[in-house]
Amino acid sequence: FPPGVCGCCCGAFRPRYKRLVDNIFPEDPEDGLVKANMEKLTFYALSAPEKLDRIGAYLSERLSRDVARHRYGYVCIAMEALDQLLMACHCQSINLFVESFLKMVRKLLESDKPNLQILGTNSFVKFANIEEDTPSYHRSYDFFVSRFSEMCHSSFEDPDVRTKIRMAGIKGLQGVVRKTVNDELQANIWDPQHMDKIVPSLLFNLQSGEGTESRSPSPLQASEKEKESPAELTERCFRELLGRAAYGNIKNAVTPVLMHLDNHCLWEGKSFAVRCFKIIMYSIQSQHSHLVIQQLLGHLDANSKTSATVRAGIVEVLLEAAAIAASGSVGPTVLEVFNTLLRQLKLSVDYALTGSYDCTTMGTRTIKEHEERQLQEAVIKTIGSFANTLPTYQRSEVMLFIMGKIPIPGMHLMPPPSGSGSETDRMIQVMLLKSLRQVTSGFQSTNMLTALPSSFLDPLLSFALLEDAHIRLLVLEILVSLIDRHDNLPKFSTISIIPDISVLKLKMEKCSRQDNLFMKKHAQQLYRHIYLSCKEQSSVQPHFEMLYSLLALISMELANEEVVVDLIRLALALQDLALASEETLRVYNRCAVHALSAAYLNLICQLTTVPTFCQHVHEVIEMRQKKSPFLLPEDVFIENPKIPEILEKPEAEILFQQAKITEVLGGSGYNTERLTTPYIPQFTDEDRLSKRKSVGETISLQVEVESRNTEEITFEALKNAIGECLQDTSPVQILGLSDSQRTGYGQTQSRSVPVYEMKFPDLCVY
C-alpha cells in the first residue's frame, strides 16, 4: 500500500462490483459458490448492465491467477459464476462480457489438465445454447474449432479419461456449430478451413464405434443421451450438422468425408463408407440428395485409376444413396448419372481385358480380373437402383441413352478401344445389355409404342441375330421384362404342359388401341426373331424358356384375334423347323423346338377357349406322352434330358396338324385364309450381318480403312475393303435382286423384288 494508507481500510474503497465478485468465493473452495452473494452479484449486473464487462474482466483476472496457482476449486467457482451471469443477462453489454468469458474458456482449454478442459467445454456448450439479443461483429471461433477437433483425437493414456476428453471435444464442436451456423456476422462455419477440421474429427470418433450400426434415420432421443458412447454422440452431432446444411453448403460438408475415406483407405471395407453416407442421406434435406450423388459420381471419376476394390466401394455407396434418395432426386442431370456409370463400366472392361493401366502416381498397375468383374456387377446393380427412382418417361430416356452407347451390328461403325479388339467390344455389349436389363426390370408402361419405340426395338433385336448365346439371352430377358406389364412372368419361369391354366391365376386385360398399333407395326419383326432364335445351334434351355415366356406374354399382353392366328402359325412353323431335314439342328435342339411348340400350343388353345382346338392339342400331347415323351418339355428341359441319339421322323399322330387346327378355329370365326398360309419369316439385311460373330467383325471395315494413311485412301482402296468385308456374300444377296426363303419343309420360294423395294446392306450405301 502507499505510505500513510492503511491496508485494512482499502477494502471499503474497492469498486462495488469487485467486492461483490470477491464475496461469492468462500474461504474453503470445497464449500462451493456462496449462493446468497451470487444472487446479489446477479442483481447488481442486471441493475447496472454497464458494469457487466468489468465484472467479466475481473472474474477472468481471478480465474487466470487461480489457474496459475493450481487452485482448481476456485477455478470451478469462477466458471459457475460466469455461467449463471450468462444465463441471466441478455442486455446490449453482453458482448463485452462474452469476450471475457471466452477468454477464460480458452484459458481452460489450453490447460493440460483433462478436468479443466472438460470444465471449459461444458461452459462453452452452455454459452452456445444462449440466444444473444445483439449481434457480434468481431468475435472469432477459429481457436475453438481447432482445439475441440484436437480433443476429439485425444490419445490420453487412461481410456476412461480419453473417452471423456473426446466426448467433450464432440460436444464443443456441436456447440460451435449451433452458435455460428445461423449467425451471418460470424465467420462462415461451412468454409473448407473449418469443415476440414470438424468433419474428420467426427468421422474419427464415428469409426471408433464401428461395431454399432446406425439405429434409425433419426437422431437419438434426449432420454438416451446419458448412455451415449462417443460414436453415438458423434452420430447425433453429425446428423445435426448435416441437417443445418443449406443448398450451397452441401459440397463443403461432403468433400471432407470423401477425403477422409480416401486418406484412411476406408472405401474397400464398404461398411463404414456406406454407414457414413446413410447418415448423410437421411440427415440432409431431401431436395439436396442429388448434390451428394453428383459428388459421389465426380469422386468415382476422379478415382478411375485406383484399385477395383476402391471403385467398387464408391459404387456400393452410390447404390445405397440411390435407394435412400426420394423419387426423382437424381437431379436435373439424369443422363449424366448414367453416363458416368457407363463410362466406368467400359473402363473396367478395358482394364480387365488388357490386364493393366497406367497410373500417373504409381506407374503401371496390374489388374486383378476377378475384382474388375465384381466392380462391373456392382455398377450394373447401381444403374438399376438409380433407374428405379425415376418416373416412367425418364426411364424410357435412359433406356434409349444406354442403347445409344452399345455398338450395334451394321449400324454403329466405330473403332474398338485399345486392348483385345473384338473381345473388348463383346464384353462392352454384354455389360451394357446387362445394364439395360437392370433398367427395364420392373418397368411398366401402358403404351407399348412409347415403351418400345423403333429407335430402341430395332437395335435391340439386331443382337438377337448374333451367334453369341449370352447376348441373345440378354435380349430375350429385356424383351420379356418390357412386355410383362401384369407380373405374369414368374408363372412362366419353366416350360411345362399345364392341363388347366386357371391355376396360374393369370392377370389379363383387353388389348388397347395403342397395343394393336404396336403389334401392327412390329409383330412380324418379333415373330421373325423368335423363329430365328430357335434355329440357332447354340440355343440351350434358358433360351427356350425365355422364348416360351415371350410367346406367352405376347399372347396375354398384346394379342388380338389377328395376333392369335399369327402366333399359332408361328408355333406350327417351329414344328416344321424341327422336322426340316435341310436344317443342321442337333437332336437336342429339334426336341427342344418340338417341346416349345407343344407347350405354347397347349397354352394358346386354353386362352382361345375353343373346345375343339383344345381337344386336338391335348390328343397330340397324350400321344406324345405315350410314344415320344422326348418331344415334350418334361423330358427335354431337365438337368439330364431324356432324348434319343437319333431322331426319327415323327408319325403324323404325334404332330399338330395345320389343317385340323384351321378347321376347328375357322368354325369359331377365326380367319381361315390366314391360318392356311404357312408362316414364312421375312429375311432382311440383318440376317447377312448376323453371320458375323460379333460387332468386332462388323467394324472391321472401318478399322482397316482408318489404319491406312488418310491421304492415301482412294476409290480403289475403298472398293477392295468393301469386297473383303463382303467376300462371303453372293452378288445376288448384296443387291437384293431376289430373296430366297426356305420353308420349314425345305421348299424354296423365290420372288422378284422391284427396284424401289431393294434393301442394300448398310456398308454399300453412301
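Cut-offs applied
Residues numbered from 1 in each chain as written. Predicted model: local features only at pLDDT ≥ 70, side-chain atom pairs only at ≥ 80, totals over all residues. Heavy atoms only, no water. UniProt positions renumbered as here; feature names shortened; annotations may be inferred. Helix = DSSP H or I, 4+ residues; strand = E, 2+ residues; numbered from the N terminus. Buried < 20%, exposed > 50% of the residue type's maximum accessible area, 1.4 Å probe, protein only. Contact = heavy atoms within 4.5 Å. Expected span 1.5 Å × (residues − 1). Salt bridge = Lys/Arg side-chain N within 4 Å of Asp/Glu carboxyl O. Phe/Tyr/Trp six-rings, centres within 6.5 Å; stacked < 30°, edge-to-face > 60°. pLDDT = per-residue confidence, 0-100. Axes fitted to C-alpha atoms, helices over the stretch in contact; angles between N-to-C directions. Left-handed = near helix turned anticlockwise from the far one by under 90°. Nonpolar A, V, L, I, M, F, W, Y, C, P; charged D, E, K, R; others polar. Patch = residues over 30% accessible without salt bridge, like charges linked within 9 Å, V, L, I, M, F, W, Y side chains within 5 Å. Areas by Shrake-Rupley, 256 points an atom, 1.4 Å probe, with all protein chains shown as cover. Lys, Arg positive; Asp, Glu negative; His and termini not counted. Charge placed at Lys NZ, Arg CZ, Asp CG, Glu CD.

- As annotated in an unreviewed UniProt entry, the protein chain carries the name EFR3 homolog B and comes from Pygocentrus nattereri.
- Checking UniProt for the protein chain, the heading Sequence similarities (unreviewed entry) contains the comment "Belongs to the EFR3 family."

### Description of the overall build of the protein chain
Okay, step 1: Counting its regular elements, the protein chain contains 35 helices and four strands.
Okay, step 2: Looking at the protein chain as a whole, 53% of its 766 residues qualify as buried.
Okay, step 3: Considering only contacts within the protein chain whose residues lie at least 6 apart along the sequence, 74% involve residues at least 24 apart.

### Points about helix H11 (residues 230-243)
Okay, step 1: Helix length check: H11, at 14 residues, gives a terminal C-alpha distance of 20 Å against a target of 20 Å (1.5 Å per residue), a fit within 8%.
Okay, step 2: For H11, a buried count of 13 out of 14 residues is recorded, marking the element as mostly surrounded by other parts of the structure.

### Focus: the environment of Asp515
Okay, step 1: As for its position among the elements, Asp515 is in helix H23 (residues 513-535).
Okay, step 2: Leaving out residues up to four positions away in the same chain, Asp515 has contacts with Thr446, Met448, Arg485, Glu557 and Leu558.

### Overview of the pattern of salt bridges
Okay, step 1: For the coordinates displayed, the defined rule picks out 25 salt bridges.
Okay, step 2: A salt bridge links Asp468 to Arg426; the shortest N-O distance between them is 2.3 Å. Of this pair, Asp468 sits in the loop between helix H21 (454-462) and helix H22 (469-483) while Arg426 is found in helix H19 (residues 422-440), placing the two residues 42 residues apart along the sequence.
Okay, step 3: Residue Asp468 is classed as buried on the basis of its relative accessible area of 13%.
Okay, step 4: With a shortest N-O distance of 2.8 Å, Arg569 and Asp566 are connected by a salt bridge. With Arg569 and Asp566 both in helix H25 (residues 561-579) and three residues apart, the pair spans about one turn of that helix. The residues Arg569 and Asp566 share a single accessibility class, namely buried.
Okay, step 5: A network of salt bridges, in which partner residues are shared, links Glu562, Asp566, Arg569 and Arg674.

### Focus: the packing of aromatic side chains
Okay, step 1: Inspection of every chain in the model, using the stated rule, returns 15 aromatic pairs.
Okay, step 2: Summarising the aromatic geometry, the rings of Phe338 and Phe386 are spaced 6.5 Å apart at their centres and angled 75° between planes, so their arrangement reads as edge-to-face. In this pair, Phe338 is assigned in helix H16 (residues 334-354) and Phe386 in helix H17 (residues 369-388), connecting sequence segments 48 residues apart.
Okay, step 3: Since its relative accessible area comes to 1%, Phe386 is described here as buried.
Okay, step 4: Taking the centre distance of 6.0 Å and the plane angle of 75° together, the rings of Phe492 and Tyr548 count as edge-to-face. Of the two residues, Phe492 sits in the loop between H22 and H23 while Tyr548 sits in helix H24 (residues 541-557), which places them 56 residues apart along the sequence.

### Overview of the confidence of the model for the protein chain
Okay, step 1: With 78% of its residues at a pLDDT of at least 70, the protein chain reaches an overall mean of 81.
Okay, step 2: Taken together, the stretch residues 212-225 has pLDDT below 50 and engages in 20 contacts with residues farther than four places along the chain or on a different chain.
Okay, step 3: Between residues 411-420, whose pLDDT stays under 50, and residues either more than four places distant or in other chains, the model counts 31 contacts.

### A short note on unusual backbone geometry
A negative phi angle is the norm for most residues apart from glycine, just as the trans form is the norm for most peptide bonds.
Okay, step 1: Positive phi, close to 60°, is recorded for His70, a residue that is not glycine.
Okay, step 2: With respect to the helices and strands, the residue His70 is situated in the loop between helix H4 (52-68) and helix H5 (72-88).
Okay, step 3: For His70, a relative accessible area of 53% puts it in the exposed group.
Okay, step 4: Despite not being glycine, Cys265 shows a phi value in the positive range, around 50°.
Okay, step 5: In this fold, Cys265 is placed in the loop between helix H12 (250-263) and helix H13 (271-283).
Okay, step 6: Residue classification places Cys265 among the exposed residues on the basis of a relative accessible area of 56%.

### Points about H5
Okay, step 1: Between its terminal C-alpha atoms H5 stretches 25 Å, which fits the 24 Å expected from 17 residues at 1.5 Å a residue.
Okay, step 2: Of all the positions in H5, only Tyr74, Val75, Ile77, Ala78, Met79, Ala81, Leu82, Asp83, Leu85 and Leu86 are classed as buried.

### Concerning the packing of helix H9 (residues 159-180) against helix H10 (residues 192-208)
Okay, step 1: One way to put it is that H9 packs onto H10 with a least axis distance of 11 Å and a crossing angle of 145°. Crossing hand, H9 versus H10: left-handed. Where H9 abuts H10, its residues Arg166, Ile170, Leu173 and Val177 lie against Ile198, Ser201, Leu202, Phe204 and Asn205.
Okay, step 2: A breakdown of the residues in the contact of H9 with H10 according to their chemical character gives six nonpolar, two polar and one charged.

### Brief notes about the environment of Leu86
Okay, step 1: Tracing the backbone shows Leu86 in helix H5.
Okay, step 2: The class of Leu86 is buried, set by a relative accessible area of 3%.
Okay, step 3: Spatially, the C-alpha atom of Leu86 lies 8.1 Å from that of Ile130, the residues being 44 residues apart in sequence.

### Some thoughts on a negative patch on the surface
Okay, step 1: A surface patch of negative charge is lined by Glu27, Asp28, Glu30 and Asp31.
Okay, step 2: Along the chain, Glu27 falls in the loop between helix H2 (16-23) and helix H3 (35-47).

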